[in-house]
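Letter by letter, the chains look like this.
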Amino acid sequence: CNQACAFCFVSTHLPSAPRADVERAILEAAREGAAIAISGGEPTLDPALPEYVRLAKDAGADFVEIQSNATRIDDALAASLERAGTDVIHVSLHAADAALSDAITDAPGTFDQTVRGLDALHAVGLRLRLSYVFHRRNLAAFADLIELAAARWPGASVAVSFVAPSTDLVPRTEALIPRYREVMPHLAAGIRIARERGVALSGFESLCGVPLCLAPPDLLDVFAVAEVDDGYTDGETLHPAPCDDCALRARCFGVRRGYVELYGTDELSPLPR
């Protein structure tokens, strides 16, 4: 990847996958009827990216998503990805101003590049989803990101997630990972602005969301998920003792083990049945 976000759980030290392996994986996924996400690292570093999208579509894939920081996307690449059949571009943008964003990504100058890339993608009509990862450095920046998205890329949605201490690549430190109770006021403020501006939000219905008992009551519908199947989280999250009698236990992913190791479970407050 050409950025270095401290909260990223993907190794950037692995060698590039051989093209034949990428194509084989795409074809297998298409045959199985799966949605296909082309990610990385940074997939725009591979010049064959539009060809991978076209291969997926030609093989019958109904949905192809590209996950990128958009720093390398110009008008020509945006048009090429649109012609290839890309359904959505999921773009990482974790702050609304250059200084903070460049500090988060440890890549000076790339905020402006990402914004230009988003402009190019929006201009060709590609569906945009911004990715915002809450962590210690950008707690108070969420509302500004919502405002930027609504004003500059109308129709773009925002996927929200909480920094995930889920692999050894993510430091399990208070310097990176805030408490849920520190995040919630800023998250709630951004959600209310998103409602006013018509910005669709997602991400809460995943392992990267927050425990439902911490959601403001007037916003609980935003966080609501379908019932979580036993074993879905593969042991990565757990329901500690405070969850036993919670009315929403079956619809909540619980808490990541790494978070419990860092902060315990004192913030959890079960909702009455």
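Above this text is the structure in question.
What comes next concerns the included structure.

Parameters and conventions
Residues numbered from 1 in each chain as written. Predicted model: local features only at pLDDT ≥ 70, side-chain atom pairs only at ≥ 80, totals over all residues. Heavy atoms only, no water. Helix = DSSP H or I, 4+ residues; strand = E, 2+ residues; numbered from the N terminus. Rg over C-alpha atoms; globule rule 2.2 N^0.38 Å. Buried < 20%, exposed > 50% of the residue type's maximum accessible area, 1.4 Å probe, protein only. Contact = heavy atoms within 4.5 Å. Areas by Shrake-Rupley, 256 points an atom, 1.4 Å probe, with all protein chains shown as cover. Lys, Arg positive; Asp, Glu negative; His and termini not counted. Charge placed at Lys NZ, Arg CZ, Asp CG, Glu CD. 1 Å grid on protein atoms, 1.4 Å probe; cavity = no way out; pocket = protein on both sides within 12 Å on 5 of 7 lines; lining within 4 Å. Points joined across faces, edges and corners; volume = space filled by probe spheres on them. Nonpolar A, V, L, I, M, F, W, Y, C, P; charged D, E, K, R; others polar. Core = buried A, V, L, I, M, F, W, Y, C linked by side-chain atoms within 4.5 Å. Salt bridge = Lys/Arg side-chain N within 4 Å of Asp/Glu carboxyl O.

**Section: the overall build of the protein**
Of the regular secondary structure elements, the protein holds 9 helices and 8 strands. Expected size for 273 residues packed as a compact globule is a radius of gyration near 19 Å; at 19 Å, the protein falls within 12% of this value. When the 273 residues of the protein are sorted by exposure, 46% land in the buried category. A fraction of 73% describes how many contacts in the protein between residues 6 or more apart in sequence connect residues 24 or more apart. Counting every atom, the protein has about 13,000 Å² of accessible surface; 51% of that belongs to carbon and sulfur. Here the protein holds 24 positive side-chain charges and 38 negative ones, and the gap between their average locations is 1 Å.

**What about empty space enclosed by the protein?**
All chains considered together, the criterion is met by 4 cavities of 30 Å³ or more. Roughly 130 Å³ of internal volume is contained in the largest cavity. In terms of lining residues, the largest cavity is bounded by 21 residues, among which Ser206, Leu207, Gly209, Val210 and Gly254 are the most central. The volume enclosed by the second largest cavity comes to roughly 100 Å³. Lining the second largest cavity are 15 residues, and of these Pro211, Cys213, Cys243, Cys246 and Cys252 sit closest to its centre. Each residue belonging to the lining of the second largest cavity can be placed in one class, and the counts come to 11 nonpolar, 3 polar and 1 charged.

**Here's the deal with the nonpolar core**
One broad rule of soluble globular proteins: the nonpolar side chains tend to lie buried together. Grouped together as the largest cluster of nonpolar side chains are 79 residues, with contacts concentrated most on Ile36, Trp153, Val158, Leu187 and Phe223. Looking at this core element by element, the count peaks at 8 residues for helix 7 (residues 180-197). When neighbours within four sequence positions are excluded, Trp153 is seen to be in contact with Leu93, Val115, Leu118, Asp119, His122, Leu128, Leu130 and Leu148.

**Focus on the layout of surface pockets**
The computed volume of the largest pocket comes to approximately 1,000 Å³. Around the largest pocket, the lining is made up of 39 residues, and of these Cys8, Phe9, His90, Ser92 and Ser131 lie nearest the centre. Tallied by class, residues from the lining of the largest pocket come to 18 nonpolar, 18 polar and 3 charged. For the second largest pocket, the calculated volume is near 650 Å³. Contributing to the lining of the second largest pocket are 25 residues, with Ser16, Ala17, Ser39, Gly40 and Gly41 lying nearest its centre. Counting residues per element, the ones that place at least two in the lining of the second largest pocket are helix 1 (19-31), strand 1 (36-38) and helix 2 (49-58). The dominant element in the lining of the second largest pocket, judged by the number of residues it contributes, is helix 1, at 4 residues. Class assignment for the residues of the lining of the second largest pocket results in 16 nonpolar, 7 polar and 2 charged.

**So, the pattern of salt bridges**
Summed over all chains, the structure comprises 14 salt bridges. Put simply, Arg24 and Asp21 hold a salt bridge, and the shortest N to O gap is 2.8 Å. With Arg24 and Asp21 both in helix 1 and 3 residues apart, this pair spans about one turn of that helix. Judged by relative accessible area, Arg24 falls into the partly exposed class, the value being 44%. Two residues, Arg197 and Glu196, come together in a salt bridge whose shortest N-O distance is 3.5 Å. On the basis of relative accessible area, Arg197 is assigned to the partly exposed category, the value being 41%. Ionic contacts of the salt-bridge type, sharing partners, join the residues Arg179, Arg181, Asp266 and Glu267 into one network.

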